[in-house]
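# Reading the structure
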Amino acid sequence: VKKVVISHTQPKNYKFSIPFEEFIIRANEYDHFVTVSKNVLQEWKNYGLKTQDSKCHHIPNCCNESGLLELEKLSKQEVRQRLKLPKHCFISVCVATIQHRKNQQLIINNAHSLFEKYPNDLFLFVGGITNLGGTEIAEQIYNSKYKENMKLIGEVDDARPYIRAADILVLPSLGEVMPITILEATALKTPVLASNVGGINEVIDHLKTGLHFNVNNSVEFLKYFMMLRKNKEFRESIAANALIKYKDNFSRSMHESEVKKLIQGIIESDCN
C-alpha cells in the first residue's frame, strides 16, 4: 500500500493539530506528495520536504463548472438586476472569508484613494465572517467614512453571480495556494487583480490574463486597480485572454485528465 500526502495549504499557513515539524517528518515518510501549485510545492521543499522530485506532483486546482455557462451568457446588468445591485456603477468584488489572511484591510485602508475620485463606485465583500480577525474587519467596514461604498454581503450559497456581476475581482490575500475564486473569475470573464502569493501567478500572467501586485504594497495595488478602473477595453482584453488560459489549463476536463495521468504515473512508477 502506497501512502500519499495531498496538501491544499502553504507551509507558512500551516495550522493543524500535528506540530509542523512532526508533519514534515511524517510527510517525508510518505511515498508521494501532491499539491495544486508548483510554487507551493517548492515552498514545501524549502521548508524541509525531502521527497524526491519524481515523487512530488502538482495538479492545478479547478472550479465547479456546473451552471457557469448559463451564468456567463447573462450580461452583467442582468445578473446585477437579479442580485438587486446598481446596474450602471462600477463594482469591484472581493470573494473570500473575512479574516486577516485574506487581507481585506488593504482595500479598507485605501478607501479614500478608491472612492474620492469615484464616489459612486461600489466594493462588495462576499464571504462569511470568521473568528480569525473577521469581526474587526467587519467593524472597519461598518465604521468607515466610505461605508456607503463598501458593502459586506456576508456568506452566500453561491458567490459566482457576484463575480459575474462585478467589473473586477480583487483578492489581496497574504497567503494562497491556487484560489478557486480566481479560476471562477477567469471562467466568467471578470478580470482579476490579486496579490502575488502562492500559486496566483500560475493563473495570472501579469498585464495579460490579469494583474498582480506585491502583497501589502498599497502603491502597486492602487496603480493596477486604477489601470483596470479607467480602461474598459483593457479589462475586456484581460478577461478574454484569461478565459483562453482557463480553458487551456484549468478547466474541469483538463483537471480530470491530469488526475488520471497522476494516478497512472504513480502506479507505473511504483511497479518499476
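Structural data are supplied above this passage.
First, a word on what this report is: a plain description of the structure on this page. (Residues numbered from 1 in each chain as written. Predicted model: local features only at pLDDT ≥ 70, side-chain atom pairs only at ≥ 80, totals over all residues. Heavy atoms only, no water.)

## Examining the pattern of salt bridges
Pairing is possible between side chains of opposite charge, provided their charged atoms come close. Under the criterion given, the structure shown has ten salt bridges. Here aspartate 205 makes a salt bridge to lysine 245, at a shortest N to O gap of 3.0 Å. With a gap of 40 residues between them, aspartate 205 in the loop between helix H10 (200–203) and strand E9 (211–213) and lysine 245 in helix H12 (residues 232–249) connect regions that are remote in the sequence. (Salt bridge = Lys/Arg side-chain N within 4 Å of Asp/Glu carboxyl O. Helix = DSSP H or I, 4+ residues; strand = E, 2+ residues; numbered from the N terminus.)

## Concerning the sheet that holds strand E2 (residues 32–35)
Taken in spatial order, the three strands line up as E1-E2-E3 in an open sheet, and their pairing is parallel. Because the sheet does not close on itself, it has two edges, and the strands there are strand E1 (4–7) and strand E3 (56–58). Taken over all neighbouring pairs, the strand axes of this sheet differ in orientation by 20° on average, direction set aside. (Pairing = 2+ DSSP bridges. Axes fitted to C-alpha atoms, helices over the stretch in contact; angles between N-to-C directions.)

## Quick look at the sheet that holds strand E6 (residues 150–154)
The strands making up a sheet associate through hydrogen bonds between their backbones, and the pairing can be parallel or antiparallel. The parallel open sheet is built from six strands, whose spatial order is E6-E5-E4-E7-E8-E9. Among the strands making up the open sheet, the edge pair consists of E6 and E9. Geometrically, the sheet is characterised by an average inter-axis angle of 20° between neighbouring strands, direction not taken into account. In the sheet, strand E5 (residues 122–126) pairs with E6 via four bridges, with the strands oriented parallel. Residue phenylalanine 123 lies in a different strand from E6, and its bridge partner there is methionine 150. Against the sheet, helix H11 (residues 218–230) engages strand E4 (91–95), E5, strand E7 (168–171), strand E8 (192–195) and E9, with an angle of about 165° to E9. (Contact = heavy atoms within 4.5 Å.)

## Some points on unusual backbone geometry
Of all residues except glycine, most have a negative phi; of all peptide bonds, most are trans. If you check the backbone angles, lysine 84 has positive phi at about 60° while not being a glycine. With respect to the element layout, lysine 84 can be found in the loop between helix H4 (76–83) and E4. Look at asparagine 216: it is not a glycine, yet its phi comes out positive at around 70°. Relative to the elements of secondary structure, asparagine 216 occurs in the loop between E9 and H11.

## So, helix H7 (residues 134–143)
Of all the residues in H7, the buried ones are Gly134, Ile137, Ala138 and Ile141. One face of H7 carries all of its buried residues, which in axial projection span an arc of 100°. Residues of H7 that are buried sit in contact with helix H5 (105–109), E5 and E6. (Buried < 20%, exposed > 50% of the residue type's maximum accessible area, 1.4 Å probe, protein only. Arc of directions from axis to C-beta.)

## Details of the side chain of serine 173
Looking at the secondary structure, you find serine 173 in the loop between E7 and helix H9 (180–187). For serine 173, a relative accessible area of 0% puts it in the buried group. Sequence-distant contacts of serine 173, defined by excluding residues within four places in its chain, comprise Arg101, Lys102, Asn103, Ser195, Val197 and Val215.

## Considering the pairing of E2
Successive side chains on a regular strand alternate, one facing one side of the sheet and the next facing the other. The two faces of E2 match: His32 and Val34 on one face and Phe33 and Thr35 on the other face are all buried. With four bridges joining them, E1 and E2 adopt parallel strand pairing. The partner of valine 5 across the bridge, within E2, is phenylalanine 33. What joins E1 to E2 is helix H1 (residues 20–29), and the crossover it makes is right-handed. As paired strands, E2 and E3 are joined by three bridges and run parallel to one another. Residue pairing across strands places threonine 35 opposite histidine 58, the latter belonging to E3. (Right-handed = clockwise from strand over helix to strand, strands pointing away.)

## Examining the nonpolar core
If you look at the biggest cluster of nonpolar residues, it comprises 80 residues, and the most contacted ones within it are Trp44, Leu114, Phe123, Phe125, Ile182, Phe221 and Phe225. The residues touching phenylalanine 221, leaving out its near neighbours within four places in the chain, are Leu106, Ile107, Asn110, Leu114, Val170, Leu193 and Phe213. (Core = buried A, V, L, I, M, F, W, Y, C linked by side-chain atoms within 4.5 Å.)

## A short note on the packing of H9 against H12
Contact geometry of H9 with H12 gives a least axis separation of 8 Å together with a crossing angle of 115°. In terms of axis orientation, H9 runs roughly perpendicular to H12. Every pair of crossing elements has a handedness; the one defined by H9 and H12 is left-handed. The residues of H12 that touch H9, namely those facing Leu183, Thr186 and Ala187, are Ala242, Leu243 and Tyr246. Residues that form the contact of H9 with H12 fall into these classes: five nonpolar, one polar and no charged. (Parallel < 35°, antiparallel > 145°, perpendicular 65-115°, else oblique. Left-handed = near helix turned anticlockwise from the far one by under 90°. Nonpolar A, V, L, I, M, F, W, Y, C, P; charged D, E, K, R; others polar.)

## Thoughts on H4
Within H4 the residues assigned to the buried category are Lys76, Val79 and Arg80. Down the axis of H4, the sector holding all buried residues measures 100°, keeping them to one side. Summarising the geometry of H4, the exposed residues directed more than 90 degrees from the buried face are Gln81 and Arg82. Once H4 finishes, lysine 84 follows within two positions and takes phi at roughly 60°, a positive value.

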